[in-house]
Amino acid sequence: MGEGRAWLLVGNIAAMDVDQLGPDAFADLRRVVDGRWADVRAAVREQLPPEWCRPVGDLDREAQRAVTLERAKVLAGWDLPRRGFEKAYGGEDDIGGSMTLYEMLGLVDLSLMVKAGVQWGLFGGALQALGTRKHHERYLPQMMTLELPGCFAMTESGHGSDVQSLRTTATYDVERQDFVICTPDDDARKDYIGNAARDGRIAVVFAQLVTQGESHGVHAVLVPIRDERGEPCPGVRIEDCGHKGGLNGVDNGRIWFDDVRVPRDALLDRYGQVAADGTYSSPVESRSQRFFTMLGALVRGRVSVGGAAAAAAQASLAIAVEHGENRTQFARPGSDGEVTVLDYLAHQRRLLPALATSYALHFAQGELTSDLHDVQTGGTDDDARQRELESRAAGLKAISTWHATATIQGCREACGGAGYLSVNRLVQLKADSDVFTTFEGDNTVLMQLVAKSMLTSYRDHFGELDTMGTVRFLADQVVETVLEKTSARGLVDRLAAAAPGRDDDVNLLDRDWQRELFEWRESHVVAGLARRLRRAAKGDGADMFEAVNRVQAHSLRAAHAHVHRLVLEAFSAAIDRCDDEDAKALLGRVCDLYVLAEVESDRGWFLEHGRLTPALAKAVGRAVDDLCRDLRPHARTLVAGLGIPKEWLAAEVAKAGSS
Ligand SMILES: Cc1cc2nc3c(=O)[nH]c(=O)nc-3n(C[C@H](O)[C@H](O)[C@H](O)COP(=O)(O)OP(=O)(O)OC[C@H]3O[C@@H](n4cnc5c(N)ncnc54)[C@H](O)[C@@H]3O)c2cc1C
């Protein structure tokens, strides 16, 4: 038994006949990868000029912004950006189609993706989701055509993640029947706002709504910021955020409001209305629930950002794999030739697990998009489904953007010095995708939301929960539920069964075993989290903030385990959708690599918890090596399977024959 195949000892691997996919198998793979919105993908591939993929870092900032705006105008001329809006206003009610467009733009030009995301996703999305008919009729048509460029002005210099603490105010003046928008000090200026520094004419401003002397929490108000000539409106001060680490085609800016007056109907009043006499009313009684409902209505932004980042990782992998196939280095002993760098195991290790994870995230993104579409077009108010969707969108956004950051850096290094030249695109992809881990919700904060939603049922309980309330709530009620649920599923058995040695006879490629392992990790971490919170909350005079703070690392781990379990489920379902046996076998092997690379990266935890024995942990590492070797001949096929047009790679190193 060769050392490299020692993991065969722990199971039998079904033979995989995927040497080269035939045309039918490849077509089947492409069908499954393109998924439900294959028509949108095909339209974008056909319509989008390949030169949009070329790096523009040589241009100065103003020129980059001009290029991005021009491209956005071209996009506005297509039917694609308007797809996500209501038919009544020229849209197509095709939310999944619009999400797929943003994802495709992630393969091409991230400044354009963000500019489009601000206009049609955030600004347009807020109008649609938080506004009512009068706003839709008046603004949606001009918003869709880009005649009315807008901003989504939520973040302030002082508060980014903690949106509930924003300090801009919108105070109703009953005498004049209008709102007065005010920035109390520099800490409350709107900051980083896309479209603000140059092009935006109006902004959806998030502010504390005050009427009849009472504050009703954060609401959104439409505030014109520039006139027809592009000059700031009276009382509005705008400053450019200046040069950024990337995304310099987007004009981010700061905005101050000095008692700016807007009419009463400027309030986007779907979730909160102010009558002429200043009386406040809302269909959602609890202030905190109202806030989360409003934010939840904006879930599309997170879905599109995660998808675009994952696409940027795919584009980078396509470039790096092509380079790895073309580049040779060091003589191959016993031959005249040199070794192709992708033949080195270390090189395969850099690229192929990331490629496998890209497939996994792509399928998870497809399911998320599909569910988002169904929930938002289904016409039902299924609260539980909406909450689950929000949590999944948050988790997948975090995992996909972290994956993009790590993968693009790995691809840069895999291309050596050439990877550092702008002409090879990777440095721009790296710079532009970096901040995706921060905007549309900081990843660490999002993962805590995921953990929270794993433990709580928002629908019934997200009343006025401050930090202390949350802990008490978790301690008193949810913990019991979680423990009951997990023990009902045999928690004690599971823990007992985790004794070292238990898994020595497993087949690492058995999908059921893989699934069970991911489920076990998730339920084990969640149960542990719940227990720790309960213990902490029971202590006399326990500092409640400290209780939550002490389990933060545990919360992040719970969210990580949860998202990967969902991703694996999505991957398994995609494999089942293959009709062709060869395509199925190849995707199955890619899924194995995704799973085992994830287990390998977390093997310390599996060892600590007795779920992997040292022998099995080593076997996992060898299995990853073997899978990399097995999949190496299929690297180009797998890249082609993602459906990125060759001319979109736009990198010298990705041209055949370059070395
Ligand atoms: C290029 C760019 C474009 C943007 N576009 C827009 C836009 O168009 N509209 C808009 O409204 N906003 C926009 N933003 C703002 C963006 O959404 C915020 O930067 C983001 O929400 C994070 O907020 P923050 O910068 O205040 O960071 P903070 O919230 O201050 O976070 C700083 C650090 O603290 C950590 N942290 C915070 N809270 C916790 C916690 N409870 N537990 C553990 N760690 C924590 C975070 O993980 C992070 O590492 C943009 C930002 C950038 C950079």
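Provided above is the structure to which this section pertains.
In this report, the structure presented in the accompanying data block is examined.

1. Re the overall build of the protein chain
Here's step 1: Of the regular secondary structure elements, the protein chain holds 22 helices and 13 strands.
Here's step 2: Within the protein chain, the proportion of its 659 residues that are buried is 58%.
Here's step 3: Long-range contacts, defined as pairs at least 24 residues apart, comprise 75% of the intrachain contacts of the protein chain with a sequence gap of at least 6.
Here's step 4: Surface summary for the protein chain: the accessible area is close to 26200 Å², and the carbon and sulfur share equals 49%.

2. Brief notes about the pattern of salt bridges
Here's step 1: What the rule picks out here adds up to 51 salt bridges.
Here's step 2: With its nearest N and O atoms 3.0 Å apart, the salt bridge here joins Asp-374 to Arg-36. A residue pair is termed long-range when its members are at least 10 positions apart, and Asp-374 in helix α9 (residues 345-377) and Arg-36 in the loop between α1 (23-34) and α2 (38-47) qualify at 338 residues.
Here's step 3: For Arg-36, a relative accessible area of 47% puts it in the partly exposed group.
Here's step 4: As a salt-bridge pair, Arg-632 and Glu-325 come within 3.0 Å of each other at their nearest N and O atoms. Here Glu-325 lies in helix α8 (residues 299-326) and Arg-632 lies in the loop between α21 (614-631) and α22 (635-641), a separation of 307 residues in the sequence. Judged on exposure class, the residue Arg-632 and its partner Glu-325 are both buried.
Here's step 5: A network of salt bridges, in which partner residues are shared, links Glu-62, Arg-65, Lys-115, Arg-198, Asp-199, Asp-240 and Asp-251.

3. A closer look at the side chain of Asp-602
Here's step 1: In this fold, Asp-602 is placed in the loop between α19 (581-601) and α20 (603-608).
Here's step 2: You can call Asp-602 buried: its relative accessible area is 10%.
Here's step 3: There is a polar contact of 3.0 Å between the side chain of Asp-602 and the side chain of Arg-557.
Here's step 4: Residues within four places of Asp-602 in sequence aside, it is in contact with Arg-521 and Arg-557.

4. Thoughts on the packing of aromatic side chains
Here's step 1: In this structure the tally under the stated criterion is 11 aromatic pairs.
Here's step 2: Aromatic side chains Phe-291 and Phe-292 sit 5.4 Å apart centroid to centroid with 70 degrees between the ring planes, which places their arrangement in the edge-to-face category.
Here's step 3: When the ring of Phe-363 is compared with that of Phe-571, the centres are 5.3 Å apart and the planes differ by 50 degrees; the resulting orientation is tilted. Remark: Phe-571 occurs in helix α18 (residues 552-577) and Phe-363 occurs in helix α9; sequence separation between them is 208 residues.

5. With respect to helix α11 (residues 426-434)
Here's step 1: Within α11 the residues assigned to the buried category are Leu-426, Val-427, Gln-428, Leu-429, Asp-432 and Ser-433.
Here's step 2: Those residues of α11 that are buried are in contact with α5 (110-130), α8 and α10 (383-414).

6. Side note on the side chain of Asp-592
Here's step 1: Here Asp-592 is to be found in helix α19.
Here's step 2: Judged by relative accessible area, Asp-592 falls into the buried class, the value being 4%.
Here's step 3: Once residues within four sequence positions are removed from consideration, Asp-592 is found in contact with Leu-509, Arg-511, Gln-514 and Leu-627.

7. Some thoughts on the site of the ligand
Here's step 1: The full set close to the ligand counts 17 residues, and Phe-152, Met-154, Thr-155, Ser-161 and Asp-442 are the nearest of them.
Here's step 2: Phe-152 places a main-chain nitrogen or oxygen 2.8 Å from a nitrogen atom of the ligand.
Here's step 3: Summarising the interface, the protein chains cover 65% of the accessible area of the ligand, which totals 970 Å² for the free molecule.
Here's step 4: Listing elements by their share of the shell around the ligand, those giving two or more residues are β4 (190-193) and α12 (443-455).
Here's step 5: Class assignment for the residues of the shell around the ligand results in 7 nonpolar, 9 polar and 1 charged.

8. Considerations on the nonpolar core
Here's step 1: Counting 192 residues, the largest nonpolar core has Leu-130, Ile-181, Phe-206, Tyr-359, Phe-571 and Leu-596 as the members making the most contacts within it.
Here's step 2: No other element matches α8, which puts 14 residues into this core.
Here's step 3: Excluding its chain neighbours within four sequence positions, the residues that come into contact with Leu-130 are Gly-125, Phe-206, Ala-220, Leu-268, Asp-269, Arg-270, Tyr-271, Met-294, Ala-297 and Leu-298.

9. Section: unusual backbone geometry
Here's step 1: Its identity as a non-glycine residue notwithstanding, Leu-146 has a phi of 75 degrees, on the positive side.
Here's step 2: Examined against the element boundaries, Leu-146 turns out to sit in the loop between α6 (133-145) and β1 (150-153).
Here's step 3: Of note, the phi angle at Gln-212 is positive, near 50 degrees, even though the residue is not glycine.
Here's step 4: In this fold, Gln-212 is placed in the loop between β5 (202-211) and β6 (214-224).
Here's step 5: The class for Gln-212 is exposed, based on a relative accessible area of 56%.

10. Notes on the sheet that holds β4
Here's step 1: An order of β4-β8-β7 is seen for the 3 strands of this open sheet, with the pairing classed as antiparallel. Pairing within the sheet leaves two strands with one partner each, and these edge strands are β4 and β7 (236-240). Averaged over all pairs of adjacent strands, the angle between strand axes in this sheet comes to 20 degrees, irrespective of strand direction.
Here's step 2: In the sheet, β7 pairs with strand β8 (residues 253-257) via 5 bridges, with the strands oriented antiparallel. Bridge pairing in β8 links Val-236 to Phe-257.

11. Here we look at α12
Here's step 1: For α12, built from 13 residues, the straight-helix expectation of 18 Å at 1.5 Å per residue is met to within 8% by its first-to-last C-alpha distance of 19 Å.
Here's step 2: Residues of α12 that are buried: Asn-443, Leu-446, Met-447, Val-450, Ala-451, Ser-453, Met-454 and Leu-455.
Here's step 3: In this structure Asp-442 caps α12, since a side-chain oxygen of it lies 3.1 Å from the backbone nitrogen of Thr-444.

12. Let's talk about a positive patch on the surface
Here's step 1: Residues Arg-531, Arg-532, Arg-535 and Arg-550 make up a contiguous surface patch of positive charge.
Here's step 2: Counting through the fold element by element, Arg-535 comes out in helix α16 (residues 511-538).

13. Here's the deal with the environment of Met-99
Here's step 1: Structurally, Met-99 is set in helix α4 (residues 95-105).
Here's step 2: Counting along the chain gives 205 residues from Met-99 to Ser-304, while the straight-line C-alpha distance between them is 5.5 Å.
Here's step 3: Residue contacts for Met-99: discarding those within four places in its chain leaves Arg-300, Val-303, Ser-304, Thr-369 and Leu-372.

14. Thoughts on the pairing of strand β3 (residues 178-182)
Here's step 1: When you tally the buried positions in β3, you get 4 out of 5 residues, the bulk of the element.
Here's step 2: The antiparallel pairing of strand β2 (residues 169-173) with β3 creates a hairpin that spans 4 residues between the two strands, and Gln-177 there sits at a positive phi of about 50 degrees.
Here's step 3: Of the strand pairs in this sheet, β3 and strand β9 (residues 260-263) are connected by 4 bridges, and their pairing is antiparallel. Paired with Val-180 across the two strands is Arg-261, which belongs to β9.

15. Looking at the environment of Leu-596
Here's step 1: The topology assignment puts Leu-596 in helix α19.
Here's step 2: A residue is classified by how much of its surface remains accessible, and Leu-596, at 0% relative accessible area, is buried.
Here's step 3: The spacing of Leu-596 and Leu-508 is 88 residues in sequence and 7.9 Å in space, taken between C-alpha atoms.

About the criteria used
- Going along each chain's sequence as written, the residues are numbered from 1 onward.
- Reporting in this predicted model follows two pLDDT cut-offs: at least 70 for local features of residues, and 80 or more for side-chain atom pairs to be given and counted; totals over whole chains, interfaces and linings ignore these cut-offs and use all residues.
- Heavy atoms from the whole structure form the basis of all side-chain values; hydrogens and water molecules are not counted.
- To qualify as a helix, a DSSP run of H or I must reach at least 4 residues; to qualify as a strand, a run of E must reach at least 2; elements of each kind are numbered from the N terminus.
- To sort residues, take the accessible area from a 1.4 Å probe on protein chains only and compare it with the maximum for the residue type: under 20% means buried, over 50% means exposed, and anything in between is partly exposed.
- In what follows, a contact means two residues having at least one pair of non-hydrogen atoms within 4.5 Å.
- Accessible surface is estimated by sampling points in the Shrake-Rupley manner with a 1.4 Å probe; for residues, cover comes only from the protein chains shown.
- Salt bridges, as used here, are contacts in which a Lys or Arg side-chain nitrogen is within 4 Å of a carboxyl oxygen on Asp or Glu.
- Definition of a polar contact: a pair of N or O atoms within 3.5 Å, with one able to donate and the other able to accept a hydrogen when the atoms are protein atoms, and with sequence-neighbouring residues admitted only if both atoms are side-chain atoms.
- Working definition: a ring pair exists when centres of Phe, Tyr or Trp rings (six-membered ring for Trp) sit within 6.5 Å. Plane angles under 30 degrees give stacked, over 60 give edge-to-face, the rest tilted.
- Any residue with a non-hydrogen atom lying within 4 Å of a molecule or strand is treated as near it.
- Three classes are used, and their members are as follows: Ala, Val, Leu, Ile, Met, Phe, Trp, Tyr, Cys and Pro are nonpolar, Asp, Glu, Lys and Arg are charged, and the others, Gly among them, are polar.
- Buried residues of nine kinds, namely Ala, Val, Leu, Ile, Met, Phe, Trp, Tyr and Cys, make up a nonpolar core once their side-chain atoms join them within 4.5 Å.
- Note on pairing: DSSP must find at least two bridges between two strands before they are called paired.
- With axes taken as lines fitted to C-alpha atoms, and helix axes fitted only over the stretch in contact, angles between N-to-C directions fall between 0 and 180 degrees.
- What a helix is expected to span follows from its residue count: subtract one and scale by 1.5 Å.
- Put simply, a patch holds well-exposed residues, over 30% relative accessible area, that have no salt bridge, with like charges counted together within 9 Å and Val, Leu, Ile, Met, Phe, Trp or Tyr side chains within 5 Å.
- For the charge count, each Lys or Arg is scored as positive and each Asp or Glu as negative, with His and the chain ends excluded.
- For the purpose of locating charges, the reference atoms are NZ of Lys, CZ of Arg, CG of Asp and CD of Glu.

Taken by themselves, the reported measurements are silent on function.
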